[in-house]
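Coordinates in review
Take a look at the letters that make up each chain.
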Amino acid sequence: MSEDKKVIFSGMQPSGLITLGNYLGALNNWTKLQDEYNCLYCVVDLHAITVRQDPAKLRKASRDVLIQYIAAGIDPEKSILYYQSHVPQHAELSWILNCYTYMGELGRMTQFKEKSQKHTDNINAGLFTYPVLMASDILLYQTDLVPVGEDQRQHLEITRDIAGRFNAVYGDVFKIPEAYIGKAGARVMALQEPSKKMSKSDENKNNTIALLDEPSVIMNKFKKAVTDSENEVRFSEDKPGVSNLLSIYCAVTGKTLQQAEAEFANCGYGSFKTSVGEAVVSKLEPFQKKVAELEKNKDYIEKVVKEGSEKASYLAAKTLRKVHKKIGFIPR
Ligand code: TRP
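Bear in mind that the values here come from a model prediction, so they are computed numbers and not experimental data.

1. As for the packing of aromatic side chains
This model, assessed by the stated rule, comprises 13 aromatic pairs. Seen from their ring centres, Trp30 and Tyr69 are 5.6 Å apart, and the 65° between their planes marks the pair as edge-to-face. With Trp30 in helix 1 (residues 20-31) and Tyr69 in helix 3 (residues 55-72), this residue pair connects regions lying 39 residues apart in the sequence. Residue classification places Tyr69 among the buried residues on the basis of a relative accessible area of 0%. Aromatic pair Phe112 and Phe128: ring centres 5.0 Å apart, planes at 70°, arrangement edge-to-face. Taken together, the residues span a long stretch of sequence, with Phe112 in helix 6 (residues 110-118) and Phe128 in helix 7 (residues 125-139) at a distance of 16 residues. A connected cluster of aromatic rings, assembled from ring pairs, spans Tyr100, Phe166, Tyr170 and Phe174.

2. Concerning the pattern of salt bridges
Per the counting criterion, the structure on display carries 16 salt bridges. Among the salt bridges present, the one from Glu230 reaches Arg234, with a minimum N-O distance of 3.2 Å. You can call Arg234 partly exposed: its relative accessible area is 29%. Here Lys255 makes a salt bridge to Glu263, at a shortest N to O gap of 2.9 Å. By relative accessible area, which is 38% here, Glu263 ends up partly exposed. Counted as one network, the salt bridges with shared partners bring together Asp228, Glu230, Glu232, Arg234 and Lys239.

3. Topic: the site of the ligand
Surrounding the ligand, one finds 13 residues, the nearest of these being Gln13, Tyr130, Met134, Asp137 and Gln152. Contact distances for the ligand include 3.4 Å between an oxygen atom and a side-chain N or O atom of Gln13. In this structure, a nitrogen atom belonging to the ligand sits 3.0 Å away from a side-chain N or O atom of Gln152. When the ligand is considered free in solution it has 360 Å² of accessible area, and contact with the protein chains removes 89% of it. Contributing elements (two or more residues each) for the shell around the ligand: strand 1 (7-12) and helix 7. The element contributing the most residues to the shell around the ligand is helix 7, with 4 residues. Across the shell around the ligand, the residue classes tally to 7 nonpolar, 5 polar and 1 charged.

4. Regarding empty space enclosed by the protein
Under the defined criterion, the tally for this structure stands at 1 cavity of 30 Å³ or more. In this model, the largest cavity occupies a volume close to 40 Å³. Taken together, Met109, Gln111, Phe112, Leu127, Tyr130, Pro131 and His155 form the lining of the largest cavity. With 3 residues, helix 7 is the single largest residue contributor to the lining of the largest cavity.

5. Regarding the pairing of strand 2 (residues 38-43)
Among the 6 residues that make up strand 2, 6 are buried, leaving the element largely enclosed by the rest of the structure. Here strand 1 runs beside strand 2; their pairing, made up of 6 bridges, is parallel. Bridge pairing in strand 2 places Ser10 opposite Tyr41. Each parallel crossover has a hand, and for strand 1 linked through helix 1 to strand 2 it is right-handed. As paired elements, strand 2 and strand 3 (residues 80-83) share 4 bridges and run parallel to each other. Residue pairing for strand 3: Leu40 is matched across the bridge by Ile80.

6. Re the domain arrangement of the protein chain
If you check the domain split of the protein chain, you get domain 1 (7-181 + 298-327) and domain 2 (205-292). The centre of domain 1, based on its C-alpha atoms, is set 31 Å off from the matching centre of domain 2. Taken together, the contact pairs 11 residues of domain 1 with 14 residues of domain 2. A combined buried area of about 1,100 Å² lies between domain 1 and domain 2, and 80% of that area is made up of carbon and sulfur atoms. The three residues of domain 1 that bury the most area against domain 2 are Leu20, Tyr23 and Ala71, which together make up 45% of that side's buried surface. Between the two partners, domain 1 and domain 2, sit 0 salt bridges. Top element by residues in the side of domain 1 that touches domain 2 is helix 3. It accounts for 5 residues. Of the residues assigned to the side of domain 1 that touches domain 2, the class counts are 9 nonpolar, 2 polar and no charged.

Analysis parameters
- By convention here, each chain's residues receive numbers from 1 onward along its written sequence.
- Selection of residues for local features in this predicted model requires a pLDDT of at least 70, selection of side-chain atom pairs for listing and counting requires 80 or more, and totals for whole chains, interfaces and linings are taken over all residues.
- Excluding hydrogens and water, the side-chain figures rest on all heavy atoms present in the structure.
- The criterion for an aromatic pair is that two Phe, Tyr or Trp rings (for Trp, the six-membered ring) have centres within 6.5 Å, with stacked assigned to planes under 30 degrees apart, edge-to-face to planes over 60 apart and tilted to the rest.
- Counting from the N terminus, the helices are DSSP H or I runs at least four residues long and the strands are E runs at least two residues long.
- Summary of the burial criterion: residues with accessible area below 20% of their type's maximum are buried, those above 50% are exposed, and those between are partly exposed, where the area comes from a 1.4 Å probe applied to protein chains only.
- Definition used for salt bridges: Asp or Glu carboxyl oxygen within 4 Å of a side-chain nitrogen of Lys or Arg.
- The cutoff for a nearby residue is simple: one of its non-hydrogen atoms must lie within 4 Å of the molecule or strand.
- Polar contacts here mean pairs of N or O atoms no more than 3.5 Å apart (in protein, one a potential hydrogen donor and the other a potential acceptor; neighbouring residues in sequence count only if both atoms are side-chain atoms).
- Surface exposure here means Shrake-Rupley accessible area, sampled with a 1.4 Å probe, where a residue is shielded only by the protein chains that are shown.
- Charged residues are taken to be Asp, Glu, Lys and Arg, nonpolar residues to be Ala, Val, Leu, Ile, Met, Phe, Trp, Tyr, Cys and Pro, and polar residues to be all remaining types, Gly included.
- Here the term cavity refers to a set of points on a 1 Å grid, laid over the protein atoms alone, in which a 1.4 Å probe fits but cannot get out; the term pocket refers to an open set having protein on both sides within 12 Å along at least five of seven lines, with lining residues being those that place an atom within 4 Å of a point.
- Grid points are joined across faces, edges and corners, and a volume is the space filled by probe spheres set on the points.
- Here the rule is simple: two strands pair whenever DSSP picks up at least two bridges between them.
- Looking down the strands as they point away from the viewer, one classifies a crossover as right-handed if the path from the first strand across the helix to the second runs clockwise.
- In this document the domain limits rely on a domain assignment from an automatic tool or a database.
- Any two residues whose heavy atoms approach within 4.5 Å are treated as being in contact.
- When two parts are put together, the accessible area they lose, computed with a 1.4 Å probe and summed over both, is reported as buried area.

And the structure:
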């Protein structure tokens, strides 16, 4: 990592299948940051177990996320790619920062409230301290910038609070991170319920396009996508379904809204939806091919993961040594 570049950290949970929303809103933008910044992109498997996971599925999902990072264009020669559980410093710092975080502030986290309503039979302590682990992810690398969606803003805020609190006691140990506001990625909404975000944990599979969905599945889901009763392809707040399809179309083709509206001016919803589906299929085709190649290349993936976690661990250990020393732990 070169000293003069700022550090970017982000991560994705290996739960569910990565969606078109994750791709257009995050992954695709991450790839563009690699030359200008020192980037770390982590598969946050420790976070995933805050809700119950099936072991075989978790293993597969973790591998899938890592492979899809690479297939999307994250270059292991430029960025550090690894599994969170392979770098023990995340869990170590997390324990320490737990002791600098208040129950009250964790209790106010929207995501905790939502998830504990959804998983009433498993409101575990990890779910509660989830933001502290996320703070550790970020603070371990003296991260400058964190590209996060709206739903993770609150977690970044608490990260800043925890870092500031620690620094106030011990001096400048942690860099205070900021949200990375890049060129807005597309905000992709659920295909059947366009008032809510496309989410990989959605139970209704017709709401989401998984990046690895077969072309025929993708076409079908677009054909079923909700529109409205007007039969006019126009971007407008009162036409959430059509607007969502238009922004997906623009994001994958690189066309402007005006161009897209003009293109579909005299077009019924049926053929509009077919065109959007086809555009997505052809955008994903090279990506899916790359995934298939990488899946066969186990040695390469193993090498990437090994090197990635070594590099991450080296950087993380530096911060953790400083933390230990400040707190008063006896040097190892
Ligand atoms: N909590 C994030 C999410 O669910 C994932 C995440 C974990 C993360 N650690 C992070 C994102 C650190 C950014 C930085 O989307």
